[in-house]
Amino acid sequence: DQQVKQNSPSLSVQEGRISILNCDYTNSMFDYFLWYKKYPAEGPTFLISISSIKDKNEDGRFTVFLNKSAKHLSLHIVPSQPGDSAVYFCAASASTGTYKYIFGTGTRLKVLA
Amino acid sequence: DTAVSQTPKYLVTQMGNDKSIKCEQNLGHDTMYWYKQDSKKFLKIMFSYNNKELIINETVPNRFSPKSPDKAHLNLHINSLELGDSAVYFCASSQGSGGGGYGYTFGSGTRLTVV
């Protein structure tokens, strides 16, 4: 029962263009969402977050959009750079009950120079 | 100055052995976690401790036993290792009791290979 899904295992984008990574969730109790970036042989590092009271959060080249009715969030990277090549995980948690983040399976982004 | 450090980074061992993975955080966080990333790349939570108290214990074989001597340390001991235990194990920490707006800081992972 995968409550957080990233249906695209990989994505290739040309340098300078926009990268859009998608994430869907099934649990309507989720109200906090995070994106993590992971390089090989390293742990995931926190990138950007959004709570359910917002529909957009921006941090430099990274913007996360949340569509609560569709239970969908997306991460936009503009402009994409070769150093952005990594695996991106989305994660969701509910502020009620047992606090934990449920992770998606990740999307491998390759930015082509 | 590593925020969340776990040792060893790589561990190769035979089936049936007992092994431990250690984790330490110097961030002053209240909560620590163990996550397992399996061959399908799922990152699944195993355990969570808040101030040395176990607060999350997912469906994990009881061969896995976490130990938290203090809030800066969370070790994972695995008895009678099986081939299916081969995975990358990540330690993480966060402020508060986890979830909500607090992101996790992850260690760099321990790749366990059982042969």
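Residues numbered from 1 in each chain as written. Chains lettered and ligands numbered in written order. Predicted model: local features only at pLDDT ≥ 70, side-chain atom pairs only at ≥ 80, totals over all residues. Heavy atoms only, no water.

Where do I start with the state of the cysteines in this structure?
Put plainly, a disulfide is one covalent bond tying together the sulfur atoms of two cysteines. All names here are of chain A. Tallied over the full model, the rule gives two disulfides over all chains. Linked covalently through their sulfurs, Cys23 and Cys90 form a disulfide whose S-S length is 1.8 Å. Its S-S torsion of about 65° marks the bond between Cys23 and Cys90 as right-handed, since a negative value means left-handed. Residue Cys23 is found in strand β3 (residues 19-25), and its partner Cys90 is found in strand β9 (residues 86-93); the two are separated by 67 residues along the sequence. A relative accessible area of 2% places Cys23 in the buried class. (Disulfide = S-S within 2.5 Å. Helix = DSSP H or I, 4+ residues; strand = E, 2+ residues; numbered from the N terminus. Buried < 20%, exposed > 50% of the residue type's maximum accessible area, 1.4 Å probe, protein only.)

Would you explain the sheet that holds strand β7 (residues 62-67) of chain A in this entry?
In a beta sheet, neighbouring strands pair by backbone hydrogen bonds and run either parallel or antiparallel. Residues and elements named next belong to chain A. Spatially, β1-β3-β8-β7-β6 is the arrangement adopted by the five strands of the open sheet, whose pairing is antiparallel. The open sheet has two free edges, formed respectively by β1 (4-5) and β6 (56-59), since each of these has just one partner strand. Here two bridges tie β1 to β3, and the two strands are oriented antiparallel to one another. Within β3, the residue paired with Lys5 across the bridge is Asp24. (Pairing = 2+ DSSP bridges.)

Please clarify how the side chain of Ser93(B) should be interpreted in this entry.
All names here are of chain B. Relative to the assigned elements, Ser93 resides in strand β9 (residues 87-94). Residue class for Ser93 comes out buried when judged on its relative accessible area of 0%. With sequence-adjacent residues up to four places away left out, Ser93 is seen in contact with Val4, Gln25, Leu27, His29, Thr31, Met32, Tyr33, Gly103, Tyr104 and Thr105. (Contact = heavy atoms within 4.5 Å.)

I tried to follow a nonpolar patch on the surface on my own but got confused; where do I start?
Residue and element names in this part refer to chain A. A cluster of nonpolar side chains, contributed by Ile18, Ile20 and Val78, occupies part of the molecular surface with about 230 Å² of accessible area. Within the secondary structure, Ile18 is located in the loop between β2 (10-14) and β3. Given the relative accessible area of 40%, Ile18 is considered partly exposed. (Patch = residues over 30% accessible without salt bridge, like charges linked within 9 Å, V, L, I, M, F, W, Y side chains within 5 Å. Areas by Shrake-Rupley, 256 points an atom, 1.4 Å probe, with all protein chains shown as cover. Salt bridge = Lys/Arg side-chain N within 4 Å of Asp/Glu carboxyl O.)

Hey, could you run me through the sheet that holds strand β1 (residues 4-7) of chain B in this one?
Residue and element names in this part refer to chain B. Here four strands make up an open sheet; going across it, the order is β1-β3-β8-β7 and the pairing antiparallel. Sheet topology places β1 and β7 (64-70) at the edges, where each strand pairs with a single neighbour. If you compare each strand with its neighbour and ignore which way they point, the axes differ by 15° on average. By the bridge criterion, four bridges tie strand β3 (residues 19-25) to strand β8 (residues 73-78) in an arrangement that is antiparallel. Among the inter-strand pairings, Glu24 is bridged to a residue of β8, identified as His73. (Axes fitted to C-alpha atoms, helices over the stretch in contact; angles between N-to-C directions.)

Before we go on, may I ask you to explain the pattern of salt bridges in this structure?
Once their charged atoms are close, side chains differing in charge can pair, the charge on each being opposite to the other. The final tally for this structure, using the stated rule, is seven salt bridges over all chains. The closest approach of N and O atoms between Lys56(A) and Glu58(A), which form a salt bridge, is 3.8 Å. For Glu58(A), a relative accessible area of 53% translates into the label exposed. The partner of Glu58(B) in a salt bridge is Lys100(A), with the nearest N and O atoms 2.8 Å apart.

When you look at the interface of chain B and chain A in this model, what are you seeing that I'm missing?
The figure often quoted for interface size is the accessible area lost as the parts come together. At the junction of the two partners, chain B supplies 23 residues and chain A supplies 18 residues. In this assembly, chain B packs against chain A so that about 1,700 Å² is buried in total across both faces, 63% of it on carbon and sulfur atoms. For the interface between chain B and chain A, the tally reads one salt bridge. On the surface where chain B and chain A come into contact, there are five residue pairs in polar contact (both at pLDDT 80 or more). The set of elements that each furnish at least two residues to the side of chain B that touches chain A consists of β4 (31-37), β5 (43-50) and β6 (53-57) of chain B. For the side of chain B that touches chain A, the residue count by class is ten nonpolar, nine polar and four charged. (Buried area = accessible area lost by both parts, 1.4 Å probe. Polar contact = N/O pair within 3.5 Å; in protein donor to acceptor, adjacent residues only side chain to side chain. Nonpolar A, V, L, I, M, F, W, Y, C, P; charged D, E, K, R; others polar.)

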